[in-house]
Amino acid sequence: MYNLTGVIGLLKEIRIHGRGGQGSVTASEFLAEAAFADGLYAQAFPMFGSERHGAPVTAYTRISDKPIRLRSQIYEPDCLIIQDASLFSGNDLLEGLKDGGLVVINTPLPASGFGIPERFKVVTIAATDLALDMVGKPIINTIMVGAFAAASGEIHMDALAKSVRERYPGELGEKEVVAMQEAFDRVKGVRT
Amino acid sequence: MKQIMEGSRAVAETVALCRPKVVCAYPITPQTHIVEDLARIITDGRLDAGYVLADSEFTAASVVLGASATGARAYTATSSQGLLLMTEVMFNIAGMRLPVVMTVANRAVSAPINIWNDQQDSMSLRDCGWIQMYAEDVQEACDMHVQAFAVAEKLNIPVMVCMDGFILTHATEPVDLPDADQVDEWLAPFKPKFYLTTSDPITLGSMAGPDAYMEIRLLLHQAMQEASSAIESEAERFEKAFERRQGGMLDVYQARDADVLLVSMGSLLGTMKDAVDELREEGHKVGIVKVRTVRPFPRTHLHDALSGARAVGVIEKDISLGLEGILCSEIRSAFCGAAVTPNISSFVVGLGGRDVRKEHIREIALGLLKDDTCRVEIPGIDHEVLWSAHEIENEGV
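These numbers were taken from a predicted model, which means no experiment stands behind them.

This part covers the sheet that holds strand β2 (residues 22-25) of chain B. Residue and element names in this part refer to chain B. With mixed pairing, 7 strands are arranged side by side in an open sheet as β3-β2-β4-β5-β7-β6-β12. Edge positions in the open sheet fall to β3 (50-53) and β12 (293-295), since each of these has one partner strand only. Here the average twist between neighbouring strands, direction ignored, is 20 degrees. Across 4 bridges, the pairing between β2 and β3 is parallel. Its bridge partner being in β3, A25 is matched across the sheet by L53.

This part is about the packing of helix α4 (residues 157-167) of chain A against helix α5 (residues 171-188) of chain A. Residue and element names in this part refer to chain A. Packing of α4 against α5 brings their axes to within 9 Å, and their N-to-C directions diverge by 150 degrees. Viewed along their axes, α4 and α5 adopt a mutual orientation that is roughly antiparallel. Here the hand of the crossing between α4 and α5 comes out right-handed. Residues M157, L160, A161, V164 and R165 of α4 touch α5, and the partners they reach there are G173, E174, E176, V177, M180, Q181 and F184. Among the residues forming the contact of α4 with α5, the class breakdown is 7 nonpolar, 2 polar and 3 charged.

Here we take up the domain arrangement of chain B. Residue and element names in this part refer to chain B. If you check the domain split of chain B, you get domain 1 (2-242) and domain 2 (251-383). Each of domain 1 and domain 2 has a C-alpha centre, and the two are 27 Å apart. Domain 1 puts 27 residues into the contact, and the matching count from domain 2 is 26 residues. Counting the surface lost from both domain 1 and domain 2, the interface buries some 2000 Å², and carbon and sulfur atoms represent 52% of this. If you sort the residues of domain 1 by the area they bury against domain 2, M123, R126 and E136 come out on top, with a joint share of 29%. At the boundary of domain 1 and domain 2, one finds 6 salt bridges.

Turning our eyes to something else, we now look at helix α13 (residues 358-370) of chain B. Residue and element names in this part refer to chain B. Taking 1.5 Å of rise per residue, the 13 residues of α13 would be expected to cover 18 Å, and the 18 Å separating its terminal C-alpha atoms lies within 8% of that figure. Of all the residues in α13, the buried ones are I361, R362, I364, A365 and L368. Here the buried residues of α13 occupy an arc of 165 degrees about the axis, which is enough to place them on one side. Away from the buried face of α13 by more than 90 degrees, exposed residues E363 and K370 are located. Buried residues along α13 sit in contact with β10 (260-264), α10 (268-281), β11 (286-291), β13 (311-316) and β14 (343-348).

Time to look at the pattern of salt bridges. For the coordinates displayed, the defined rule picks out 43 salt bridges over all chains. The salt bridge partner of R167(A) is E29(A), with a shortest N-O separation of 3.0 Å. Residue R167(A) is found in helix α4, and its partner E29(A) is found in helix α1 (residues 24-37); the two are separated by 138 residues along the sequence. A residue is classified by how much of its surface remains accessible, and R167(A), at 32% relative accessible area, is partly exposed. Between E174(A) and R165(A) there is a salt bridge whose closest N-O contact spans 2.9 Å. Among the ionic contacts, a cluster of salt bridges with common partners joins E136(B), E140(B), E232(B), R245(B), D251(B), K273(B), K290(B) and R292(B).

What follows deals with the packing of aromatic side chains. Residue and element names in this part refer to chain B. Under the counting rule described, the total for this entry stands at 6 aromatic pairs over all chains. On the basis of an interplanar angle of 65 degrees and a centroid distance of 6.2 Å, the ring pair of W186 and F242 is categorised as edge-to-face. Of the two residues, W186 is situated in helix α8 (residues 180-186) and F242 in helix α9 (residues 213-242); the sequence distance between them amounts to 56 residues. For the pair formed by W186 and F242, the shared burial category is buried. Through a chain of ring-to-ring contacts, three or more aromatic side chains come together here, namely W186, F238 and F242. One cation-aromatic arrangement involves R237 over W186; the distance from NZ or CZ to the ring centre is 4.0 Å. Here the guanidinium or amino end of K273 rests over the ring plane of Y253, the centre of that ring lying 5.5 Å away.

Residue and element names in this part refer to chain B. Taken together, the side chains of F194, L196 and I202 present a nonpolar region at the surface, about 290 Å² in accessible area. Take I202: it is sitting in the loop between α8 and α9. Of the residues examined, I202 reaches a relative accessible area of 34% and is grouped as partly exposed.

Our next topic: helix α5 (residues 87-95) of chain B. Residue and element names in this part refer to chain B. Buried residues of α5: V89, M90, I93 and A94, and no others. The buried residues of α5 occupy an angular sector of 135 degrees when the element is viewed end-on, so they sit on one face. Of the surrounding elements, those touching the buried residues of α5 are α3 (57-69), α4 (80-85), β5 (101-106), β7 (159-164) and α9. Where α5 ends, the next residue or the one after it, R97, has phi of about 60 degrees, a positive value.

Residue and element names in this part refer to chain B. With 5 of 6 residues buried, β14 is to be regarded as a mostly interior element. Pairing between β13 and β14: 6 bridges, direction parallel. Each residue of the ladder has a partner; that of G313, found in β14, is S345. Remark: the β13/helix α12 (residues 326-333)/β14 crossover connection has right-handed handedness. Across 2 bridges, the pairing between β14 and strand β15 (residues 376-377) is parallel. Each residue of the ladder has a partner; that of F347, found in β15, is E377. In this view, the connection linking β14 to its parallel neighbour β15 by way of α13 has left-handed handedness.

Next up on the list: the side chain of T14(B). Residues and elements named next belong to chain B. Mapped onto the fold, T14 is located in helix α1 (residues 7-17). Residue T14 is classed as buried on the basis of its relative accessible area, which comes to 0%. If near-sequence neighbours (up to four positions away) are discounted, T14 is found in contact with C142, H145, V146 and L177.

Procedures and definitions
Residues numbered from 1 in each chain as written. Chains lettered and ligands numbered in written order. Predicted model: local features only at pLDDT ≥ 70, side-chain atom pairs only at ≥ 80, totals over all residues. Heavy atoms only, no water. Pairing = 2+ DSSP bridges. Helix = DSSP H or I, 4+ residues; strand = E, 2+ residues; numbered from the N terminus. Axes fitted to C-alpha atoms, helices over the stretch in contact; angles between N-to-C directions. Parallel < 35°, antiparallel > 145°, perpendicular 65-115°, else oblique. Left-handed = near helix turned anticlockwise from the far one by under 90°. Contact = heavy atoms within 4.5 Å. Nonpolar A, V, L, I, M, F, W, Y, C, P; charged D, E, K, R; others polar. Domains from an automatic or database assignment. Buried area = accessible area lost by both parts, 1.4 Å probe. Salt bridge = Lys/Arg side-chain N within 4 Å of Asp/Glu carboxyl O. Expected span 1.5 Å × (residues − 1). Buried < 20%, exposed > 50% of the residue type's maximum accessible area, 1.4 Å probe, protein only. Arc of directions from axis to C-beta. Phe/Tyr/Trp six-rings, centres within 6.5 Å; stacked < 30°, edge-to-face > 60°. Lys NZ or Arg CZ within 6 Å of the ring centre and 35° of its normal. Patch = residues over 30% accessible without salt bridge, like charges linked within 9 Å, V, L, I, M, F, W, Y side chains within 5 Å. Areas by Shrake-Rupley, 256 points an atom, 1.4 Å probe, with all protein chains shown as cover. Right-handed = clockwise from strand over helix to strand, strands pointing away.

Right, dumping it as structure tokens:
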């Protein structure tokens, strides 16, 4: 299992690529909140273009067992979350990804279709289909962090669910949590 | 209680704990979340205050001026062009000795239009008579606001708390917010000696001719110079109550035996501390002086902190066009007439949101260790972009 915070004092860095409106910034915050709930230090921050729907957005999460002082963007991430596979065209999304790094992609296609070198670990999830199916809206960020939690092994689902419920109170949040758990289970291989 | 939240929300929650009676602002990126959150807090009934949505920053500043003159604790926040539009009123607020507190979510100024972070906006207003503090992280930004109200009202001088736009305003990180009782106990209600009231009419901000203007300006200048002792004492009082040292004029980090000292303000300090830890591990004697309060200028503090170094690199996100980084010029002035002066160099970085990495700080420090000649550098320029901009300037598109 990929170990997110296995080494004492080691900083783990996650970069999220998405488009405006896909909740990439919120996803980065969910991860930070969940890590914090597990007693770790965390920092999430966005790099906006000029905010508009559809434009590429990058968001970042740092997780550590020590206070985080570093404020620069993330150039050598341990993990990537790709919320929109169409961003692969024309962008080097894998840039700087550490050897052995994890890539989680929102796509109904198999991982082999993306030509990702073998030194990286790839996990795919058809998040948009799953969201439309289970939530009735194309809200994919919760599903992507659920898949990420399963693949990375260190973010706890109860902590994530708490953050999601706070952000989306009521029925929507409950549907989100169920869909997120489904994504987790699919990546874990519990369900296919 | 330690929580994790966005910097803007943490600041809004903290400002609410300080119980302003009037909040007035005009939204501008990246300040927006702060005033949106405050509006929500007031609408939810968690803060008994009037929220005035202004039609411009000029109005916002004018409304808080008026509110403060009537004896109400008043707060506003802005960024960049918004701050520049407030300029005339900023001088008036200070000249009338009104203890308004403002957050500046630091952002580059136009042109070219740019929404990202640097500190040109607040640094351009350093001479308007406001105390200026710069926060390194979200925790410090919050704690500075509590102290800002106390300092402002003790001295009748307005305070600007500067926090880097996006880098801090939009960062989600752990923060220990004080609880309401604690703040109520620490921060006395605002009770000004003079204020506008119909029952006892007075005039504030009347005309002063050549016979009195200089004396009144001198009083403000002296009050600013003496403000450092109040800033230090409030920081000590804060530390006793909240068990965090989060104020005062400046701080040092790994500075004791340093050959090279790097000076900066705001969120850059965090990245710099990581870089300096690495350099120390490699055996390089590099340290940091963090300027927390830019006005009043910590001249003697800086003189004492920097005297032992061979070279000083002032790393800042602003520039006095045609000269150098603004803070650098000011630090040079701290050594006027001194027997021993370190070589002081200016490094202008991070304008308009250009990312500053640990590697950039390392390069500056290692460069100064190798060659301590006084210089002005603007590192990290993309020469292809520079060339095409130059072409367009000369030949049109």
